[in-house]
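Fold and geometry: a report
Spelled out from the first residue to the last, the chains are:
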Amino acid sequence: MKSSLHAVYGWLLLLPAMVLLAAFTHYPALATLWNSFFSTPKANRAAAFVGADNYVAMYHDPVFWQALWNNLLYALVTIPVSVAISLIMALWVNRNLAGRGFLRLAYFTPTVLPMVAVANIWLFFYTPQYGLLDQIAHLFGLGSTNWLGNRETALPALMLVTIWKEAGFFMIFYLAALQQVSPSLREAAVLEGASRWQYFRRVLLPLLMPTTLFVLINALINAFRLVDHVLVMTKGGPDNASTLLLFYIYEIGFSYWDTSYAATLSVVLLLVLSLTAFIKFRWLDRRTHYQ
């Protein structure tokens, strides 16, 4: 009797979180999957079951494949670079340095800025002839560059903005993890004759793997949920060179009001995120040491 009361008490404690999870995660995902098999309802026409027609249309949609490729390339560049920079910054500000508090603040400041504000700041940097980057280039006798209006530079320009904003955010997690590492481990490694690189690779990095796994999953989600600074800076141009998958879903759903096709694209986005997260968990969890 007592154990059953404890079980009921436990389920009651879990109930609010379970309701929120079901209402705002599971139900929307299932509703999106369901809507992807119907046509978009119009004012004088109800939604009709169309089977896999939306998926066939997506398969033949060149803009979708361009957006998907852009997003994969965007993730492959921004995730490792931002994580590596965040770890380097965390190692740097974890030392006894003069002005360490100011450095931590400077590294973290881009994180607290709204993405729209960040996009407008970098618009000034990228403005041809008058922007900060072109002004620096003129000092060295270089010509003007339309960073956001060129197919070859538009997507890398967005990548740079993301790395600048996210590295400081991930640094906080690494810094918290580094402060939990006992100094005795470093002292023991020095006594054994280990170099700094050996200590970092053999001792420190394995201890940081739980944090690395957490940061990588968050970086993956962030790489595929970007809309605002694409909308402000490039609107997917030129010629869809900087169109990312979620921005394309936003355009389809809210500019063209084709909600069924947007649901189809959202299903693909969910599958890409789920598959990538599963691979990361399977691969990294075996190399993760939990304390």
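Here the residue numbering is sequential within each chain, running from 1 through the sequence in written order. A pLDDT threshold of at least 70 governs which residues receive local features in this predicted model, and a stricter bar of 80 or more applies before side-chain atom pairs are shown or counted, although totals over entire chains, interfaces and linings include all residues. Calculation of side-chain values draws on the structure's entire complement of heavy atoms; hydrogens and water are dropped beforehand.

1. Considering the overall build of the protein chain
- Each helix and strand in the protein chain was counted, giving 13 helices and 0 strands.
- Each helix corresponds to a stretch of at least 4 residues labelled H or I by DSSP, and each strand to a stretch of at least 2 residues labelled E; elements are numbered beginning at the N terminus. Along the chain direction, N to C, the helices and strands of the protein chain fall in the order α-α-α-α-α-α-α-α-α-α-α-α-α.
- Principal axes of the C-alpha set define a box for the protein chain whose edges measure 80 × 80 × 30 Å.
- Exposed residues in this analysis have more than 50% of their type's maximum accessible area, buried residues have under 20%, and partly exposed residues fall in between, with area computed by a 1.4 Å probe over protein chains only. In the protein chain, which comprises 291 residues, the proportion classed as buried is 38%.
- Throughout, a contact is declared for two residues whenever any of their heavy atoms are within 4.5 Å. Long-range pairs, those at least 24 residues apart, make up 67% of the contacts in the protein chain with a sequence separation of at least 6.

2. A word on the confidence of the model for the protein chain
- Residue-level confidence of the predictor is what pLDDT reports, using numbers from 0 through 100. Model confidence for the protein chain is summarised by a mean pLDDT of 86, while 96% of its residues fall at 70 or above.
- When mean pLDDT is taken per element in the protein chain, helix α3 (residues 62–93) scores highest with 93 and helix α8 (residues 183–191) scores lowest with 82.

3. Some points on unusual backbone geometry
- In this chain, G237 is followed by P238 through a cis amide linkage whose omega measures -10 degrees.
- The topology assignment puts P238 in the loop between α11 (228–233) and α12 (245–255).
- Phi is positive for W257, which is not a glycine, with a value near 55 degrees.
- On the secondary structure map, W257 appears in the loop between α12 and α13 (259–284).
- The exposed category is assigned to W257, whose relative accessible area is 54%.

4. Overview of helix α5 (residues 115–126)
- To estimate the expected span of a helix, subtract one from its residue number and multiply by 1.5 Å. Across its 12 residues, α5 extends 16 Å between first and last C-alpha, which sits within 8% of the 16 Å expected from 1.5 Å per residue.
- Taken together, the buried positions of α5 are occupied by M115, V118, A119, W122, F125 and Y126. Seen end-on, α5 carries its buried residues on one side only, within an arc spanning 110 degrees.
- Those residues of α5 that are buried are in contact with α4 (100–112), α6 (132–139), α7 (151–178) and α11. Regarding the arc, it is the one traced by the directions from the helix axis to the C-beta atoms.

5. Section: the side chain of N222
- Position of N222 relative to the elements: it lies in helix α10 (residues 209–224).
- We define a polar contact as two N or O atoms separated by no more than 3.5 Å, with the added condition that, inside protein, one atom must be a possible hydrogen donor and the other a possible acceptor, whereas residues neighbouring each other in sequence contribute only through side-chain atom pairs. A polar side-chain atom of N222 sits 3.2 Å from a polar atom in the side chain of E166.
- Ignoring anything within four residues of it in the chain, the contact list for N222 reads E166 and F170.

6. Regarding the layout of surface pockets
- In this structure, the largest pocket occupies an estimated 590 Å³ of space.
- Cavity: a set of points on a 1 Å grid over the protein atoms alone where a 1.4 Å probe fits but cannot get out. Pocket: an open set with protein on both sides within 12 Å along at least five of seven lines, its lining residues, like those of a cavity, having an atom within 4 Å of a point. The wall of the largest pocket is formed by 15 residues, among which L91, R95, R186, Y199 and L204 lie closest to the centre.
- At the level of elements, α3, α8 and α9 (196–207) are the ones that each hand at least two residues to the lining of the largest pocket.
- Across the lining of the largest pocket, the residue classes break down as 9 nonpolar, 3 polar and 3 charged. Grid points are joined across faces, edges and corners, and a volume is the space filled by probe spheres set on the points. Under the convention adopted here, Pro, Cys and the residues Ala, Val, Leu, Ile, Met, Phe, Trp and Tyr are nonpolar, Asp, Glu, Lys and Arg are charged, and Gly plus all remaining residues are polar.

7. So, the side chain of T40
- Looking at the element boundaries, T40 is found in the loop between α1 (2–35) and α2 (53–59).
- Here T259 takes part through its backbone nitrogen, which lies 3.4 Å from a polar atom of the side chain of T40.
- Beyond its immediate sequence surroundings of up to four residues, T40 is in contact with R45, W257, D258, T259, S260 and Y261.

8. Some words on the packing of α3 against α12
- As a rule, the C-alpha atoms of each element are fitted with a line to give its axis, helices using only the stretch in contact, and angles between N-to-C directions run from 0 to 180 degrees. With their axes 8 Å apart at the nearest point, α3 and α12 run at an angle of 145 degrees to one another. Contact with α3, carried on its side by V63, F64, A67, L68 and N71, involves L245, L246 and Y248 of α12 and no other residues of that element.

9. Quick look at the packing of aromatic side chains
- We call Phe, Tyr and Trp rings a pair once their centres come within 6.5 Å, taking the six-membered ring for Trp, and we label the pair stacked below 30 degrees between planes, edge-to-face above 60, and tilted otherwise. This structure, assessed with the given rule, holds 17 aromatic pairs.
- Here the aromatic rings of Y126 and W147 are separated by 6.5 Å at their centres, their planes lie at 45 degrees, and the arrangement is tilted. Within this pair, whereas Y126 is found in helix α5, its partner W147 is found in the loop between α6 and α7, the two being separated by 21 residues in sequence.
- Of the residues examined, W147 reaches a relative accessible area of 27% and is grouped as partly exposed.
- Members of the aromatic cluster, joined through ring pairs, are W122, F124, F125, Y126, W147 and W164.
- In this scheme, the term charge over a ring applies when either NZ of a lysine or CZ of an arginine sits within 6 Å of the ring centre and within 35 degrees of the ring normal. The aromatic ring of Y199 is capped on one face by R186, whose charged end is 5.1 Å from the ring centroid.

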